[in-house]
Amino acid sequence: MTKYVVKRLLIMIPTLLGVLLIIFAINKMIPGDPAKLALGSNFTQEAYEAKRAQMGLDKNVVIQFFDYVKGVVTHFDLGTSYDTKRPVSGMILSRIGITLKLGIWSCIVTIVIGVAIGILSAVKKYSVIDYVMTTLAIIFSAAPGFWVALMSMMVFCLKLGWFPAGGMGGWRYMVLPVLCMALSPISLVVRMTRTSMLDVINQDYIRTARAKGVAERNVIFKHAFRNALIPIITVIGAQLTMVVGGSFIIESVFSIPGIGMLLLTAINTRDYPAIQGTVLVLSFFVCIINLLTDIAYAYADPRIKSQYVGGKSRGLKRKGEKQDAKA
Amino acid sequence: MKKQLIAIGLCVMMTLSLAACDGSGGSSASGSGSGASGDSVTASGTAAGTSDGLGKSTEEDGVVTIGYVGSDDACYPSADSNNDFIKQAMVYDKLFEVDDTTGEYTSRILKSWDWTDDKTLVMTLKDGITFSDGHEMTMDDVLFSLKNYIDQGQATDKYQYFQNIDFNKTTVSDDGKTLTLVYKQPYGPAERTLNVAIMEKDFTEQHEASDSIWYTAPVGSGPYEITDNSEDSYVTFTRRDDYWDKDDYTYDAKQITLRFYSDETAMYMDYQSGNLDAIYGIGDTTVSQIENKGNQGTVQYVSNNDVSLLMLNEDNQYLSDPKVRQAIAEAVDMSYITDIAYGSLGKTAYSHFASTFDCYTKHDGYTYDPDDAKKILKDAGYSDGEITLTWLSPDVSPQPDVGEAIQAQLTEIGITVNVETYDLATTLGMYIDGEGDIMMMTTNGGNPTKEPYVCLSAFASRAPFTCMSIEDETYNGYLQDGMNTVDESQRWEAYEKADQWLYDNYNAIPICETLSAIAYNDRITSFDQSAVGKGCIGNLKLAKPAAYFTESGT
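Procedures and definitions
Residues numbered from 1 in each chain as written. Chains lettered and ligands numbered in written order. Predicted model: local features only at pLDDT ≥ 70, side-chain atom pairs only at ≥ 80, totals over all residues. Heavy atoms only, no water. Helix = DSSP H or I, 4+ residues; strand = E, 2+ residues; numbered from the N terminus. Buried < 20%, exposed > 50% of the residue type's maximum accessible area, 1.4 Å probe, protein only. Contact = heavy atoms within 4.5 Å. Areas by Shrake-Rupley, 256 points an atom, 1.4 Å probe, with all protein chains shown as cover. Pairing = 2+ DSSP bridges. Core = buried A, V, L, I, M, F, W, Y, C linked by side-chain atoms within 4.5 Å. Salt bridge = Lys/Arg side-chain N within 4 Å of Asp/Glu carboxyl O. Expected span 1.5 Å × (residues − 1). Patch = residues over 30% accessible without salt bridge, like charges linked within 9 Å, V, L, I, M, F, W, Y side chains within 5 Å. Domains from an automatic or database assignment. Buried area = accessible area lost by both parts, 1.4 Å probe. Polar contact = N/O pair within 3.5 Å; in protein donor to acceptor, adjacent residues only side chain to side chain. Nonpolar A, V, L, I, M, F, W, Y, C, P; charged D, E, K, R; others polar.

Looking now at the overall build of chain B. When helices and strands are counted, chain B shows 18 helices and 20 strands. Across the 554 residues in chain B, those meeting the buried criterion constitute 55%. For chain B, contacts bridging at least 24 residues in sequence account for 71% of all contacts bridging at least 6. Accessible surface for chain B amounts to roughly 21,700 Å². Of this, 46% is attributable to carbon and sulfur atoms.

In this section: the pairing of strand E13 (residues 298–312) of chain B. Residues and elements named next belong to chain B. A large share of E13 lies buried, amounting to 15 of its 15 residues. Judged from the 11 bridges that link them, E13 and strand E18 (residues 508–520) form a sheet pairing that is antiparallel. Paired with Val299 across the bridge in E18 is Ala519. Bridging between E13 and strand E17 (residues 438–442) involves five bridges; their strand directions are antiparallel. Within the sheet, the bridge partner assigned to Leu310 lies in E17 and is Met440.

It is worth spelling out the nonpolar core at this point. With 102 residues, the main nonpolar core has Ile66, Leu95 and Phe459 of chain B as its most contacted residues. Among residues more than four places away in sequence, those in contact with Leu95 of chain B are Thr106, Ser107, Ile109, Leu110, Met123, Val142, Leu194, Val196 and Ile198 of chain B. Counting residues in each nonpolar core, the second largest holds 82 residues, with Met154 of chain A together with Leu389, Val417 and Leu515 of chain B among its members.

All names here are of chain B. Both strand E5 (residues 110–117) and strand E6 (residues 120–125) contribute to a ladder of six bridges, which runs antiparallel. Along E6, the bridge assignment pairs Trp113 with Met123. Connecting the antiparallel pair E5 and E6 is a turn made up of two residues.

Residue and element names in this part refer to chain A. Regarding helix H12 (residues 259–268), the residues found buried are Ile259, Gly260, Met261, Leu262, Leu263 and Ala266. Buried-residue contacts for H12 involve helix H5 (88–123), helix H11 (247–253) and helix H13 (272–300). Positive phi shows up at Arg270, right after H12, with a value of about 55°.

A few words on the pattern of salt bridges. In this structure the tally under the stated criterion is 19 salt bridges over all chains. Between Glu216 of chain A and Arg210 of chain A there is a salt bridge, with its nearest N and O atoms 2.8 Å apart. Note that Lys177 of chain B and Glu136 of chain B form a salt bridge whose closest N and O atoms lie 3.4 Å from each other. Here Lys177 of chain B is found in the loop between strand E7 (171–172) and strand E8 (178–182), whereas its partner Glu136 of chain B is found in the loop between E6 and helix H3 (139–151), with 41 residues between them in sequence. Members of the salt-bridge network, linked through shared partners, are Arg86 and Arg95 of chain A together with Glu231 and Asp232 of chain B.

With that settled, consider helix H7 (residues 145–159) of chain A. All names here are of chain A. With 15 residues, H7 should reach 21 Å at 1.5 Å per residue; the first-to-last C-alpha distance of 20 Å fits that figure. Taken together, the buried positions of H7 are Val148, Ala149, Met151, Ser152, Met153, Met154, Val155 and Cys157. Among the residues trailing H7, Gly161 stands out with phi positive, at a value near 70°.

The next subject is a nonpolar patch on the surface. Taken together, Leu100, Ile104, Trp105, Ile108, Val112 and Ile113 of chain A make up a surface patch of nonpolar side chains, about 530 Å² in accessible area. Counting through the fold element by element, Ile104 of chain A comes out in helix H5.

Now for the domain arrangement of chain A. Residue and element names in this part refer to chain A. Looking at chain A, the domain boundaries give domain 1 (2–75) and domain 2 (91–308). For domain 1 and domain 2, the distance between their C-alpha centroids amounts to 34 Å. Taken together, the contact between domain 1 and domain 2 spans 19 residues of the former and 17 residues of the latter. Both sides together, the interface formed by domain 1 and domain 2 hides about 1,700 Å², and carbon and sulfur atoms give 73% of it. At the junction of domain 1 with domain 2, the criterion picks out zero salt bridges. In this structure, the connection of domain 1 to domain 2 is made through one residue pair in polar contact (both at pLDDT 80 or more). At the level of elements, helix H1 (2–29), helix H2 (34–39) and helix H4 (61–75) are the ones that each hand at least two residues to the side of domain 1 that touches domain 2. With 12 residues, H1 is the single largest residue contributor to the side of domain 1 that touches domain 2. By residue class, the composition of the side of domain 1 that touches domain 2 is 15 nonpolar, three polar and one charged.

Next comes the structure, spelled out in structure tokens:
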């Protein structure tokens, strides 16, 4: 298993390099000279040349790219922001915590609420609860994130006065953004959990378990739910990447100074180092989430785990067995 | 089937209850939307002031929370020309300021100042000025602050202005109280461009401009200091009870938290629900909503001291002809453009200076007459549809709307306009490269001292935005005349001539002056006019001010 994780971590390197190369190339193709933008008002040709040299823009594009990669690898130097004149790594570090907090809480809410409602819907299939939950799930999966955010602000801030409409501070500031971020994933998880559970509940071994007198709670959680987990994990994994990558919508609506907002501001100000750094970090987290999803498969299904643990020797053994059979 | 119907019914009820939350509050009283410079409109009743633990500030005397649409910036005046004016005015004292009502120069930190000749300004510092870390201010700090604008490169417009200072001949007296500032040539805008925040030399030398301490704990001599900061989220200023000049200047609020919003909707909701005491720099829609509802506090308007202009690129083969420029000036309905651009926060301009400027002259304005404009073009030999121009603007409101409106109006006189909008950074780069035929530009409202040179030099010869620069010798001569004299009457005369020249030659067509608006609840009794522009937001008056801490413990 460790070997597999290390292998996956190593594969992340070319993936991130590819992302970096694409972003770097796009940035270079967009019109607008960062040196001129940084100089702003009146400037001489000498000042312009000096600025280009200071920003490293006078070098060959390939050299610029490799200088950047070298800086990242050797001392996590993501460059200096053209806009704020501060190290991009520092800017990202000061914001990543906020985005992670938002992402982690929304994941927890998604998993807890989504799975619970999905199981309930499956167990109470075709009941009023089931219909209400599935109908709401469809509505919220179709509703755009920013609309849900605005509606929740109107209800919970303006009308009820329970939570603030924007900004950062205590836990109250996190409630609405977390819920809004989780709502769409919850609806997908609910539907997937329900479908998956219904498939499993109708299997013969569940009927056998019930016939043997196993308590209903154990039948649902120990036998049915565990076997229904794989598709649920797939959906959760996919949604988590959406949560990380799409946080800028919620951050923007709720004025949360996270990494998504940083990316938006960087794009608007043509702040290349900040764009590259932010995309790199976001890509890293997407890779990590994908890895964690795959590891979760292994823990949910022993058959998958067995492929990671000594899979090669088991395969040889099977081959050997077949040869013996032929003989 | 029955269960399905019940479920659908429940969902419909929930949706309707959500919808019922919209717009049910507030009366629909007719609003008094007009906004003149410095006006305030007080709505009857009280603003929402609920206290549920969120807006703790609303419970405590002297604690105020203000919302602002914008981002946080370092409180390092000479390295950043963005939105840090608000923070600067709280944390630092400035060398010079201009009194909004009299137009006179004032200085809180100077005992006296005098021009000994037209190139030498001698300034003497008051005694007992202390920074928040306890150090006493000397003229070394003042000189360092000025030089630092040069050392930081072209980060601010001060870099350009201070090129005129001869730092080799500038001296500080031995006692550190007198600064003899020598200019290379007579420089008219001197005092107005010396409205700089004074930084402590030792502290600044210890911390680079990129250091996060400029967000969290900058050291200044101003009436407030930063005591809490969450970057791009909020910054809390606490009043310095040891402020060196508190006998002359008192501040009601002992703590002001400035909250940054990326979106005005969220800010307005927080204001309505009582989480904010004031909202700063609000747009026309929010202003109208507050005034129409009638119970959401006071709206105050203040001039931004700027004018939005329609700039015509004289390098374009058609726009180099004054007749074409005149036709455009007559074909554009300025009042309509003002309305769609700024609504109640704009008023039609009749000069290249805001009406708040000392050298303001109100012209008659160009008459909106598309028929005459068409005739001018025909007489000048241009056929219908011959002229095609490009509108170039950032995709930032209200510029694209203005572009489309001008496109429609110029189509009526046979001029085709292609509207091109890009993100701000790209557009600025294209302006520098001389692209674009018609643009909208706002004169430098970031200059709180209302210096005419700052406004007009933006489109002087060799201006950075090549597409807007005017190379005419007469016009540039007037600007030089105004710049190279310290005689105020001569300066105003030169700028009035420059303004008249622009008016007569249709190079820069004034569209409108803009206003800023701030709304505040009844915990605040008044907001200083300058605070709505670029002054100190600490200059607000509270219904229940917080007493200063004294040795007796009050």
